[in-house]
Amino acid sequence: MSKTDEIRIDSLEVFARHGVFPEENSLGQKFLVNAVLYRDVRNAAARDDIHSSVHYGEVCEFITRYMKENTFKLLETVAYKMSREILLKFPKLKAVDLEVVKPWAPIGLPVDSVSVSVCQSRNICIISIGSNMGDKEKYLNDAVKALMDSPFTEVLKTSSFMKTKPYGNEDQDDFLNGILEISTVLRPHELLDFLHEIENKAGRERKEHWGPRTLDMDIIFFGDEVISDEDLCIPHVDMENRLFVLEPLCEIEPYFRHPVTGLTAKQMKDRLT
């Protein structure tokens, strides 16, 4: 996350019922919450206007209400779920660091407190969508709608859909492809799972590598992150050699820069063509 301005909330005291033991859930205890809210405050400072910033009083009220209305066993659950809800409730925030402190944790040893800290951010992602079975345009439009309807994703830009020849296995129908730019509070693997859910609802079957499909959705870029594991590789492998990715990407974000090579989408397309 690039450096930005911060609004800090220190030691907000909340009486709530979170813990592994039943007594903690029934009797409750004091918690302390520390938060760092990441938001560009230049406009608010120039206008001296609270509506151009994030009202930290409202954030404090939201944290207090959320912790009182919910009961979780783990501090990890409290911090993780609440930080995401803060981002959803206050869309002007770019990210939030949240620490939930539990004084006098019942561990049978002398300790002042234990705490869990998490960081949640809003990320810009590039998603490719494609279909070469049935009503291709409907499958793509339904995928866009599913992303728009989710509280965790916001569709910022949509390319036009372009007809392309199949890649890899050429013995199949032509594809209809497009590129989406989205903002999401989901983390990379969570976003991947969500895209798979959308594909499954469209009847996607994974019988053949590079085979025909009702709907194919891939994460091309996730901010400037670089990930390589068994389930996910970001930036998407071989995307710089795929014109059906680069052409629609250049339509909506020609200067989106590859986090490894440093090349823009336009430069990659020019090299390929």
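Structure shown above.
What you are looking at is a predicted structure, and each value in this text was computed from that prediction instead of being measured.

Caption draft 1: Here's a closer look at the pairing of strand β5 (residues 123–131). With eight of nine residues buried, β5 is to be regarded as a mostly interior element. Bridge analysis of β5 against strand β8 (residues 175–184) gives nine bridges, and the strand direction is antiparallel. Bridged to Cys125 within β8 is Ile182. One ladder, built from six bridges, connects β5 with strand β9 (residues 216–222); its direction is antiparallel. Its bridge partner being in β9, Ser128 is matched across the sheet by Asp218.

Caption draft 2: Here's a closer look at the packing of helix α3 (residues 56–69) against helix α4 (residues 75–89). Two elements in contact, α3 and α4, have axes separated by 11 Å at closest approach and are oriented at 135°. When the interaxial angle is binned, α3 and α4 end up oblique. As α3 packs across α4, the resulting crossing turns out to be right-handed. Between α3, through Phe62, Ile63, Tyr66 and Met67, and α4, the contact on the second element is made entirely by Val78, Lys81, Met82, Glu85, Ile86 and Lys89.

Caption draft 3: Just unusual backbone geometry, in detail. Here the amide bond leading from Ile234 into Pro235 is cis, since omega sits at -5°, within 30 degrees of zero. Take Pro235: it is sitting in the loop between β11 (233–234) and α7 (243–252). Positive phi is not limited to glycine here, since Ser11 has a value of about 55°. Look at Ser11 and you get partly exposed, because its relative accessible area is 46%. Positive phi outside glycine occurs at Asp48, with the angle close to 55°. For Asp48, the location among the structural elements is in the loop between α2 (42–47) and α3.

Caption draft 4: Structural detail: the nonpolar core. Ranked by size, the top nonpolar core spans 31 residues in total, and within it Leu37, Ile63, Met67, Met82, Ile86, Leu98 and Val100 carry the most contacts. Mapped by element, the contributors of at least two residues to this core are β1 (6–16), β2 (29–38), α3, α4, β3 (95–103) and β4 (113–121). Each residue touching Ile63, except ones within four places of it in the same chain, is listed here: Leu12, Val33, Met82, Ile86 and Leu98.

What counts as what
- Residues numbered from 1 in each chain as written.
- Predicted model: local features only at pLDDT ≥ 70, side-chain atom pairs only at ≥ 80, totals over all residues.
- Heavy atoms only, no water.
- Buried < 20%, exposed > 50% of the residue type's maximum accessible area, 1.4 Å probe, protein only.
- Helix = DSSP H or I, 4+ residues; strand = E, 2+ residues; numbered from the N terminus.
- Pairing = 2+ DSSP bridges.
- Axes fitted to C-alpha atoms, helices over the stretch in contact; angles between N-to-C directions.
- Parallel < 35°, antiparallel > 145°, perpendicular 65-115°, else oblique.
- Left-handed = near helix turned anticlockwise from the far one by under 90°.
- Contact = heavy atoms within 4.5 Å.
- Core = buried A, V, L, I, M, F, W, Y, C linked by side-chain atoms within 4.5 Å.

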